[in-house]
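Structural overview for review
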Amino acid sequence: MRSFLIAAAAITTAASVHAQSLPGGFVYLRDIDPSIIQDIRYATANNFVGRRLAGYGAGECVVKREVGLRLKAVQQELAAQNLSLKMFDCYRPARASLDMVRWSQNGHESAADRRYNPRIPKTELFPLGYIASRSQHSTGAALDLTLVDLNADNSARIDPAKSYADCTAPVAARLPEGSVDMGTGYDCTDDKGHTATPSITPEQRAWRRRLVAVMAKQGFVNYSKEWWHFSLPGAGGAAYDFPIQPRTR
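Read on for a plain summary of the structure.

Each value, and the rule that gives it
- Residues numbered from 1 in each chain as written.
- Predicted model: local features only at pLDDT ≥ 70, side-chain atom pairs only at ≥ 80, totals over all residues.
- Heavy atoms only, no water.
- Helix = DSSP H or I, 4+ residues; strand = E, 2+ residues; numbered from the N terminus.
- Expected span 1.5 Å × (residues − 1).
- Buried < 20%, exposed > 50% of the residue type's maximum accessible area, 1.4 Å probe, protein only.
- Arc of directions from axis to C-beta.
- Contact = heavy atoms within 4.5 Å.
- Phe/Tyr/Trp six-rings, centres within 6.5 Å; stacked < 30°, edge-to-face > 60°.
- Disulfide = S-S within 2.5 Å.

What follows concerns the environment of A169. Summarising the element assignment, A169 is placed in the loop between strand 5 (142-149) and helix 5 (202-216). In this structure, the C-alpha to C-alpha distance between A169 and A213, residues 44 residues apart in sequence, is 25 Å.

In a regular helix each residue adds 1.5 Å, so 15 residues correspond to 21 Å; helix 2 (residues 65-79) covers 21 Å between its end C-alpha atoms and thus fits that length. Those residues of helix 2 that fall on the buried side of the exposure criterion are V67, G68, L71, V74, Q75 and L78. Within helix 2, the buried residues cover an arc of 115 degrees as seen down the axis, which keeps them to one side. On its buried face, helix 2 sits against helix 1 (29-32), strand 3 (62-64), strand 4 (83-89), strand 5 and helix 5.

Below, the discussion takes up the packing of aromatic side chains. Summed over all chains, the structure comprises twelve aromatic pairs. Taking 5.9 Å as the distance between ring centres and 75 degrees as the angle between the ring planes, the aromatic pair formed by Y42 and Y56 counts as edge-to-face. Taken together, the residues span a long stretch of sequence, with Y42 in the loop between strand 2 (37-38) and strand 3 and Y56 in the loop between strand 2 and strand 3 at a distance of 14 residues. Ring geometry for F48 against W103: centres 4.9 Å apart, planes inclined by 75 degrees, an arrangement best described as edge-to-face. With a gap of 55 residues between them, F48 in the loop between strand 2 and strand 3 and W103 in helix 3 (residues 94-104) connect regions that are remote in the sequence. Classification of F48 by relative accessible area gives buried; the value is 0%. Among the aromatic residues, those joined into a cluster by ring pairs are Y42, F48, Y56, F88, W103, Y186, W227 and W228.

One pass over the structure, following the stated rule, counts two disulfides. Residue pairing for C167: its cysteine sulfur links by disulfide to C188, the two sulfurs lying 2.1 Å apart. Disulfide C167 to C188: torsion about the S-S bond roughly 65 degrees, handedness right-handed. Residue C167 is located in the loop between strand 5 and helix 5, and its partner C188 is located in the loop between strand 5 and helix 5; the two are separated by 21 residues in the primary sequence. C188 shares its class with C167; the two are buried.

Next comes the structure, spelled out in structure tokens:
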């Protein structure tokens, strides 16, 4: 969700970009490694805002080529352990970050909001560093992701009729994500979502350390307030606002 602040002057708008015509250096991750699982949450209603965010015309992970190649290397190491990466967010159009700003200021605190923000009012998420109005995701060098155990039963799907607990609850009570139990759900704005929090089980802590370690081998750096957020130093540059379009090949 949150990433480092970047200068507003760097934002490059390209709203008319045609599908498959990506700016220089950007690629669809599926073209680099189709085995990496993708669940791009901001292209759906299954996220903390409760609807598709502006600019997400397709649930596709778009990244800088160097980032994609390094993710491929991570995936190759994980495959030998019957594990896989699962991508929650990759390149994020700048307009989506502004959409988050509008959401935080709309004056409403819904049940869906509380599911992701159980203890923090959403107006405080920006000051506390959980969301950035100018996000490194928009450079193509930041990622939100987790691990999937390919030997586990990952078939659970969201039941619209079920009332789920908030993101800090035990895994059986919160929204199913088809991934290993990291101690909280994705985008959980709570101390329990901090990577090194002591308030999770030893097994959950071990999964987090495993994720950080395998990503670090390829140069990715974790953000301490979000176990799921990683960036690749030096791979960013200017921020962009081109919409994510369907991959057609």
